[in-house]
Amino acid sequence: MPDPPHAVPSERVLETLESGPAGLSSDEARRRREEYGENDIVRGGGRSPLTIFVAQFDSVLIWVLLAAAGLSIWAGHEVDAVLIAIIVVANGIFGFVQDYRAERSLESLRELAAPTATVRRDGEAIDVDATALVPGDVVVLRGGDVVPADGRLLEATDLNVDEAALTGESVPVSKSAAPVESGTPLADRTSMVYKGTNVTRGKGVAVVTGTGMETEVGDIARELAATEETRTPLQDELDRLGRTLGLGVLALSALIAPLLLVRGIDPVQAALTAVSLAVAAIPEGLPAVVTLTLALGVREMSAENALVRRLPAVEALGAVDVVCTDKTGTLTRGQMTVSKIWTNDAVVGVDAGPDGDGTGDAEQVSDREELLLRIGTLCNDSTLEDGNPTEQALLEAADRRGFDIDALRAENPRTGEVPFSSERKWMGTVHDDVGYVKGAPEVVVENSDRILTDDGPKPLTDDRRDRIEAIVREFGDDALRVLAMAYREDPDDADDLADGLTFVGLSGMIDPPREEVADAIAVTTRAGIAVKMVTGDNVRTARAIADSLGLGTAVVEGREIEAMDDETLRDRVESVDVFARTSPEHKVRILRALQARNHDVAMTGDGVNDAPALKNADVGVAMGIRGTDVARQASDIVLLDDDYATIERAIERGRGIFDNIWKFVAYLLSANVAEVALVFLASLYGYLILPAVQLLWINLLTDGLPALALGADPKSGDVMGRPPRDPDRGIIGHQMLGLIGGTGAVTTVVMLAFMVYTLKGAPEVTPYAMTMVFTGFVCLEFVKLYVIRWLRETPTLSNRWLAAAVATSMGLQLAVLYTPLNRYFGTIPLGLTDWGIIAGVLAVCLPAYVGVAVLVSRIDR
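Definitions and limits used
- Residues numbered from 1 in each chain as written.
- Predicted model: local features only at pLDDT ≥ 70, side-chain atom pairs only at ≥ 80, totals over all residues.
- Heavy atoms only, no water.
- Helix = DSSP H or I, 4+ residues; strand = E, 2+ residues; numbered from the N terminus.
- Buried < 20%, exposed > 50% of the residue type's maximum accessible area, 1.4 Å probe, protein only.
- Pairing = 2+ DSSP bridges.
- Axes fitted to C-alpha atoms, helices over the stretch in contact; angles between N-to-C directions.
- Contact = heavy atoms within 4.5 Å.
- Salt bridge = Lys/Arg side-chain N within 4 Å of Asp/Glu carboxyl O.
- Patch = residues over 30% accessible without salt bridge, like charges linked within 9 Å, V, L, I, M, F, W, Y side chains within 5 Å.
- Areas by Shrake-Rupley, 256 points an atom, 1.4 Å probe, with all protein chains shown as cover.

Engineer: Hey, could you run me through the environment of Leu 66 in this one?
Structural biologist: You can see Leu 66 is positioned in helix H4 (residues 60–74). In this structure the C-alpha to C-alpha distance between Leu 66 and Ala 85, which are 19 residues apart in sequence, comes to 7.0 Å.

Here is the structure:
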C-alpha cells in the first residue's frame, strides 16, 4: 500500500486488502490464516529458568568467593567454606527471583488480546476467537469491547476509544471514518483503531489492516524482546572489584609462598600462610551485606509507596541525573476537572480541594452559572462514578457547587435526545419545555442567535461572537479543554436543537497538577537532576502543565523528532523540557539520546507503549494504579500512588542507601588491606601473626552484624543538596582510596609495632602476642567504623542497631578469649593490664584515623 491506511479513503483500503463491507468468505479467511498466522503476540525465545539461575553466578567476585571456599576446605576449615557457599547460593536465589519476574513482561502483552471478536464472514456477523482474525476481515466494535486487531474504520457512530495505554492520550479519542494526513502521529490517527485499546462509547466497523506481530502492540513486543537487561553502576563496580581482588589474591599467593620457602619455612606452613592472605583479601561478606542493605532500602521505600522489583535499582537511583516523566496521573491528578467557566464576560474559577473534592452552596451561584452547571448535568450521559471523563468533570463541578445531581435529574426527566457524534460535535437533550446543548464552541456558537446576559437573552452580534472566540483561545492557551453550553425554549422535538439556540457560556476543563509535585520538582532540580516531561498529549496542554510546575517550556513535538536523525536529537535533547505527542519509538529514541550524552535516566510510564523505554532506562518506573501489567513487568520500580513526589523520595532514599554501601565498602576494604599488609609484612620475618581461623573470625565480626547494621543508617547530611554521583567514577573513588590507604597504613604500622612489643623478642609467635594483636585489631576496626560514619556526616548515636551490633560482636570476641572456644582460635585469656594496653593503642589510633578522615574529606568523591 503506497499510502498508509489512515491517510486514504476506506474504500481504497478495502480494495487493497481485496475485501468488502460484507467481509471475507470463510474459505478466504482460512487461506489467509495459513498465510499470516494467528492474531497473537509471539513470545520470543526467552531465557529458561535454569539459564536465569546459572547467570546469577556469572560474576568474578562470586568466582573468587568460590575459590576462597575451596582454599578453606584445603586448609581444613570446612565450616568457613560452607558459610561462604551459603552466602553465594542465597544471593543467586534472590537474583533469580528478580530476573524471572522481568521475563514475564512479554507474556503480559498477550493478555491484552481480546478473547473474541465480532466479524463479518460470508455476509453475516458472527463471533470468532480473536486469534483467528486476518487482514481484510471486517470487525464490528461496540462500547466495552477490546479492539482485537489494528484496523481502518469504515463506519463510526459516536465512537470513542481509550488509547491511553498505547499513546498516553489522557482522554478517550473520538473516532471517525474520514482519512487524516499521512504524517499524522499515532495519537491523532482518528481513522484507525489499534489492538488492545478499549472502546468506551458508540459503535464502529473496521477492516483489519494488521494482526499479531504486525500491529502497533506487536512492534512494542518485538522491541521489548530485543532489549537487553541494563546493568546498574553498582553491579559493574562489584564486578570490577571482584576482578581486582582476584588478581590481587593470585599475585599475593604467587609472591608469598616462594618467599617463605626461601626463608626455610615448611612448605605446608607456607601454603597455609598463602591461604590466610587469600582469606584476608577476599570480602566474602560483600555480596550478602550489599544485598541486605538494598533489601532494607526496599522495605523503607515500600512504606513510601515505591515498590522495588529489581534490587540493584535502589542504588541506581543515586546516580540518576535525568528523570523523564509522564504527565497524566504522575504530574497531574489523572482526572479532568472544571477549573473555569465563562458567562457573558465573567470568568469564574471552580477550584477543587487537594483531594479533588470541594464544597459549595447553590444559592451563591449566579443565575447564568447555575444554568451552565444545570446544562452540564442534564445534557450528560455519565455519573460521578462512571462514564466519559469530560462529562464526569462537569458533574463534579456541579457537585462542588452544591447541586444534588440525582435530585436534579429526577425532577427533569429526559424526553428526547440527540447523541454526540464526532461529525456533529454536539449533544442535545430535551426536558419537557426546554432543550439543552453542549459541544464544541465553534459549532454551538454557529447554531446560536442569542446570548444570555444580565438583562436576559440578547442578540448574538459579531462583536459578541468575536469575544467568545477570544475567550476560547484564552482558555486554550491555558491548556483547557473547552465545551460550550446553550439552550432552546419550547422545542418541538430534539431536531429543533440544531439551531435557534441561546448561548449560555463556556466550561474549561483540565487535568490539574498534583499539589505536591511542584515542590518535589524543585527539590529534584536542586539535587542536580533535570526533569523532562514526555507525554502523548498535545503541545498546548503539555506546555501549560510544565509552566505551572516550573519545568520550563521548551517543547519538541513527536513529528519534529521524526524529522531528526539521531545526532540531531542528541544535540537537542539537553535543552528540551517537554516532549509532546510522542510515540513509543520516540520515547526510546529520547532515552537513548540522553544516555548517549552520558546521562543516567529514570523513565516513568504506565502504558504498553512505555514498556520498551522502561526496560531500556537505567531505572524504569511504572505506575501502580493506572499502569498496565506490561509496564509494571518491564519496570524496576512501581509507584503505588502514581505520584511524581514519590520518585523524588525514592531518589533521596537511593542516595542514602548508596552512602551506606559506600561506608560499608570503605570499612570492609580498609580492614582487609590492613589484614593483608600486616600478615604479609609479618610473614617476611617468619611470623604468622594472624592465622587463617583468626582472619576469618575478624572478617565475620567486622563484615557481619556491624556491616549489616550500617544498612540501617539514616541518610547522611543533605543528600538532595548535592549533585548526582558520577557512575563512571564508581564506588571506589579518590576519597575512598585515600581513606582505605590512610587508615590501612595507620592500622598496619601500629599493629606491627604492637606485635613487636608483645613478642618481647621471641623467635616465634607466642599465644600471648597472637591474642593481643588479634583482639587489638578487632577493637581498632570498631573505632574506625565510627570514624568512617563521621566522615559521611552521619550522627554518631543515630543508629541503635549499630550500637547493638558492635556490643554483640565484642561479646563474641570475649567468648573466644574466655571460653573453651579459645582452644580452636589459639588464644588465651587477657588480664586488666592487657586491656589497658589495648586501650592505649586505641587512643593512639583514634586521632590518627580522624586526621586521615579530615584530609580525605577535601578530596572530591
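Engineer: Even after reading the chapter, I still don't get the pairing of strand E9 (residues 322–325), so can you show me in this structure?
Structural biologist: It is a general feature of regular strands that their side chains alternate between the two faces of the sheet. Neither face of E9 is left uncovered, since the one carrying Val 322 and Cys 324 and the one carrying Val 323 and Thr 325 both have all their residues buried. Of the pairings in the sheet, the one linking E9 to strand E19 (residues 530–534) comprises four bridges and is parallel in character. Bridged to Val 322 within E19 is Ala 530. Here E9 runs beside strand E22 (residues 601–605); their pairing, made up of three bridges, is parallel. Directly across from Cys 324, in E22, lies its bridge partner Met 603.

Engineer: Just checking my understanding: could you explain the sheet that holds strand E20 (residues 555–557) for this structure?
Structural biologist: Where strands meet in a sheet, backbone hydrogen bonds hold them as pairs that are either parallel or antiparallel. Strand order in the open sheet formed by eight strands is E8-E24-E23-E22-E9-E19-E21-E20, and the pairing between neighbours is mixed. Every other strand in the sheet has two partners, leaving strand E8 (306–308) and E20 as the edge strands with one partner each. Shown here is a sheet whose adjacent strand axes are inclined to one another by a mean of 20°, direction ignored. Where E19 meets strand E21 (residues 578–580), two bridges bridge the pair, whose relative direction is parallel. From the neighbouring strand, Met 533 faces E21, where its bridge partner is Val 578. Each of E19, E20 and E21 is contacted by helix H19 (residues 539–548), which is oriented at about 155° to E21, the strand it contacts most.

Engineer: Explain the pattern of salt bridges to me, please; I cannot follow it from the model alone.
Structural biologist: Any two side chains of opposite charge can pair, on the condition that their charged atoms come close. Summed over all chains, the structure comprises 34 salt bridges. Note that Asp 137 is salt-bridged to Arg 121, the shortest N-O span being 2.7 Å. Of this pair, Asp 137 sits in the loop between strand E2 (124–129) and strand E3 (138–142) while Arg 121 sits in strand E1 (residues 116–121), and the two are 16 residues apart along the sequence. Arg 121 carries the same exposure label as Asp 137, and that label is buried. Through salt bridges with shared partners, one network takes in Glu 28, Arg 31, Arg 32 and Glu 35.

Engineer: What should I look at first to understand the pairing of strand E7 (residues 198–210) in this one?
Structural biologist: In the sheet, E3 pairs with E7 via five bridges, with the strands oriented antiparallel. For Val 138, the partnering residue across the bridge sits in E7 and is Val 207. In this structure, strand E4 (residues 150–162) lies alongside E7, joined through ten bridges in antiparallel fashion. Bridge pairing in E7 links Thr 157 to Lys 203.

Engineer: Honestly, a nonpolar patch on the surface in this entry has me stumped. Any pointers?
Structural biologist: Taken together, the side chains of Trp 790, Leu 846, Val 850 and Val 854 make up a nonpolar region of the molecular surface, amounting to roughly 310 Å² of accessible area. The dominant element in the nonpolar patch, judged by the number of residues it contributes, is helix H32 (residues 832–856), at three residues. Along the chain, Val 854 falls in helix H32. For Val 854, a relative accessible area of 30% puts it in the partly exposed group.

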